[in-house]
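One-letter residues, chain by chain:
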Amino acid sequence: MFARENIEVTKTRVVAQSRDADFERLLRGTFGMDAKVELSIATGAFAETVRKLETTGATVVILDIDPASDADFSTLNALTQRLGNAPPVIVAIPAFDVSVARQLLQMRVADFVVKPVAPLDLVRACARAAQSAKSGSTAEAQIYTFLPAAGGVGLTTLAIETAMLLLKGESGVKTNTCLVDLDFQHGSCCDYLDLEPRLDLDEIEPRPERLDRQLLEVMLSEHPSGLKVIAAPSRPAEMRNFDFEVVTRLLDLVASHFDNIVIDVPRTWFAWTDSVLIGSNRLFLVTEMTVPGLKHARHLTNVIRQRLPDGPPLEVIVNRFEQRLFGPGLRRADIEQALGDSLAATIPNNFRLVSEAIDRGVPLDEVKAGNNISQALTKLVFPPKKSKGAVKAVPTPAERKLALAR
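Residues numbered from 1 in each chain as written. Predicted model: local features only at pLDDT ≥ 70, side-chain atom pairs only at ≥ 80, totals over all residues. Heavy atoms only, no water.

Engineer: Requested: an account of the side chain of Asp264, with residues and values cited.
Structural biologist: Relative to the assigned elements, Asp264 resides in strand 10 (residues 260-264). Residues contacting Asp264, with those up to four places away along its chain left out, are Phe146, Leu155, Thr156, Val180, Asp181, Leu182, Asp183 and Cys189. (Helix = DSSP H or I, 4+ residues; strand = E, 2+ residues; numbered from the N terminus. Contact = heavy atoms within 4.5 Å.)

Below, the structure written as structure tokens:
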């Protein structure tokens, strides 16, 4: 059953509890017909049936709780503390509620689903939880999101180069990295890398639930460097505002299968933008070394901090920076005064290098090893050990789902 998610198991044992007949039928129909899965179900209220659950040797535990029951929550808390993440626990709830979800996160459940849940979605949740437990980690991908303060600030170049740096890895060990272009109207990531965009939004938009690992593989573009890219053909004459579920389902799936994700976000604010930003581990706002650029960055920084107080720290990148000691124009001190502690890095202006890399469809280091842009980005992406405490911790699958469902 879990083989759909590339989890190699010889025998899968699912221990479940159901407090209604519909959910029990779902469990039996999803897991009970597979000879490779051993299903054990206890029926009744969770607080009353928890003693019947034999979790020893279980691959995953599925619990159907009543959010209005204090007894269910206290019993669940005791159970998760006892089990830890072995086996992982998935909780089914009758409706999405932020306060309930937060309580579940505090108990460190592996994931949660909302009833009625599609069988394939339940399988995916179990597969992700089992895979994380098998690897000894509940961490999903590290997500690096790039947001432009204005048009034409060089965001795509910085996003691509960051993805290339992450692909190589801080210690030279190659990682599984994906670049996601969410600018469906003017996206140019594939153009910069000389790739064909393969994400077919017309196919997945009517039925986003069809998007699974197999379909995702078909819609991935791959650069010779090994970088995977998800991008749709740009349609500059169309303002495409996709349903919230299309984008969040795409990112949720990608986050389950890659070590690092770099997201190129369009300047236009969509219904899903808040969720993408708050679900990021690091959030970069890119601007350029002009007075309007700094004004836009400062204004947008204030807006995002007010709008997403629980989001990751906003890190402003000033691109195409030129150090001026004499003569007119902006200086480093002007940038620091305008942006304050939100200033994270300045990226040197190297037009010739960037142009050649784009024309050849290759990373900057292939044009010139050890170039000044790559060096500046390396310091930003891989900060000294003492600075890493400021970086937001990697969310669990349930935390990611909460962020994307807001």
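Now that the structure has been shown, the text picks up again.
Engineer: Talk me through the pattern of salt bridges; I want residue IDs and the actual numbers.
Structural biologist: In total, this model carries 16 salt bridges according to the counting rule given. The partner of Arg13 in a salt bridge is Glu38, with the nearest N and O atoms 3.4 Å apart. Here the residue Arg13 occupies a position in strand 1 (residues 12-18), and Glu38 occupies one in strand 2 (residues 37-43), the gap between them amounting to 25 residues. One salt bridge connects Arg235 with Asp202, and the closest N-O pair in it is separated by 2.8 Å. Of this pair, Arg235 sits in the loop between strand 9 (228-230) and helix 10 (244-255) while Asp202 sits in helix 8 (residues 201-204), and the two are 33 residues apart along the sequence. For Arg235, a relative accessible area of 28% puts it in the partly exposed group. Among the charged side chains, a salt-bridge network with shared partners connects Arg19, Asp20, Asp64 and Lys115. (Salt bridge = Lys/Arg side-chain N within 4 Å of Asp/Glu carboxyl O. Buried < 20%, exposed > 50% of the residue type's maximum accessible area, 1.4 Å probe, protein only.)

Engineer: Explain empty space enclosed by the protein to me, and be specific about the residues and the numbers.
Structural biologist: Gaps left between atoms show up when a probe the size of a water molecule is rolled over them. Evaluated as defined, the whole model comprises two cavities of 30 Å³ or more. Estimated volume of the largest cavity: approximately 100 Å³. Thr157, Ile160, Glu161, Tyr192, Leu193, Val354, Ala357, Ile358, Val362, Pro363 and Leu364 together form the lining of the largest cavity. Those elements giving two or more residues to the lining of the largest cavity turn out to be helix 6 (155-168), helix 7 (189-193) and helix 14 (351-360). Taken together, the residues of the lining of the largest cavity sort by class into nine nonpolar, one polar and one charged. (1 Å grid on protein atoms, 1.4 Å probe; cavity = no way out; pocket = protein on both sides within 12 Å on 5 of 7 lines; lining within 4 Å. Points joined across faces, edges and corners; volume = space filled by probe spheres on them. Nonpolar A, V, L, I, M, F, W, Y, C, P; charged D, E, K, R; others polar.)

Engineer: Outline the layout of surface pockets, supporting the account with residue identities and numerical values.
Structural biologist: Taken as a whole, the second largest pocket encloses approximately 450 Å³ of empty space. As for the second largest pocket, its lining consists of 28 residues, of which Pro148, Gly151, Gly152, Thr156 and Asp183 are closest to the centre. Secondary-structure elements contributing two or more residues to the lining of the second largest pocket are helix 6 and helix 14. Counting residues per element, the lining of the second largest pocket draws most heavily on helix 6, which supplies three residues. Class assignment for the residues of the lining of the second largest pocket results in 13 nonpolar, ten polar and five charged.

Engineer: Outline the pairing of strand 10, supporting the account with residue identities and numerical values.
Structural biologist: With five of five residues buried, strand 10 lies mostly within the body of the structure. With five bridges joining them, strand 6 (residues 142-148) and strand 10 adopt parallel strand pairing. In the strand pairing of strand 10, Gln142 is matched with Asn260. As paired strands, strand 7 (residues 177-181) and strand 10 are joined by five bridges and run parallel to one another. Opposite Asp181, over in strand 10, you have Asp264 as the bridge partner. (Pairing = 2+ DSSP bridges.)

Engineer: So what's going on with the sheet that holds strand 9? Residues and values would help.
Structural biologist: Sheet strands line up and pair through hydrogen bonds in the backbone, either parallel or antiparallel. Read across the sheet, eight strands follow the order 8-9-7-10-6-11-12-13 without closing on themselves; strand pairing throughout is mixed. Both outer strands of the open sheet, strand 8 (221-222) and strand 13 (343-348), are each paired with one neighbouring strand and no more. Pairing of strand 11 (residues 282-288) with strand 12 (residues 314-321), which is carried by six bridges, proceeds in the parallel orientation. Note that in strand 12 the partner of Thr287 across the bridge is Val318.

Engineer: Explain unusual backbone geometry residue by residue, including any values.
Structural biologist: Omega for the peptide link from Lys115 to Pro116 comes to -5 degrees, which places this bond in the cis form. Counting through the fold element by element, Pro116 comes out in the loop between strand 5 (111-114) and helix 5 (119-135). In the Ramachandran plot, Asp194 falls in the positive-phi region, its phi being about 55 degrees despite a non-glycine side chain. Topologically, Asp194 is positioned in the loop between helix 7 and helix 8. Not every positive phi belongs to a glycine, and Arg320 is a case in point at roughly 60 degrees. As for its placement among the helices and strands, Arg320 is situated in strand 12.

Engineer: Kindly report on the packing of aromatic side chains, identifying the contributing residues and their values.
Structural biologist: For any two aromatic rings, the description comes down to two numbers: the centre-to-centre distance and the angle of the planes. Scanning the entire structure with this criterion turns up three aromatic pairs. Ring centres 4.9 Å apart and planes at 35 degrees place the aromatic pair Phe146 and Phe284 in the tilted group. Here the residue Phe146 occupies a position in strand 6, and Phe284 occupies one in strand 11, the gap between them amounting to 138 residues. The class of Phe146 is buried, set by a relative accessible area of 0%. (Phe/Tyr/Trp six-rings, centres within 6.5 Å; stacked < 30°, edge-to-face > 60°.)

Engineer: Which residues make up helix 14, and what values go with them?
Structural biologist: Burial in helix 14 covers these residues: Leu353, Val354 and Ala357. In a view along the axis of helix 14, the buried residues occupy a sector of 95 degrees, so they form one face of it. What points out from helix 14, more than 90 degrees from its buried face, is the exposed set Phe351, Arg352 and Asp359. In the core, the buried residues of helix 14 are packed alongside helix 6, helix 7, helix 15 (364-367) and helix 16 (372-381). Two residues or fewer past helix 14, Gly361 is found with a positive phi of approximately 70 degrees. (Arc of directions from axis to C-beta.)

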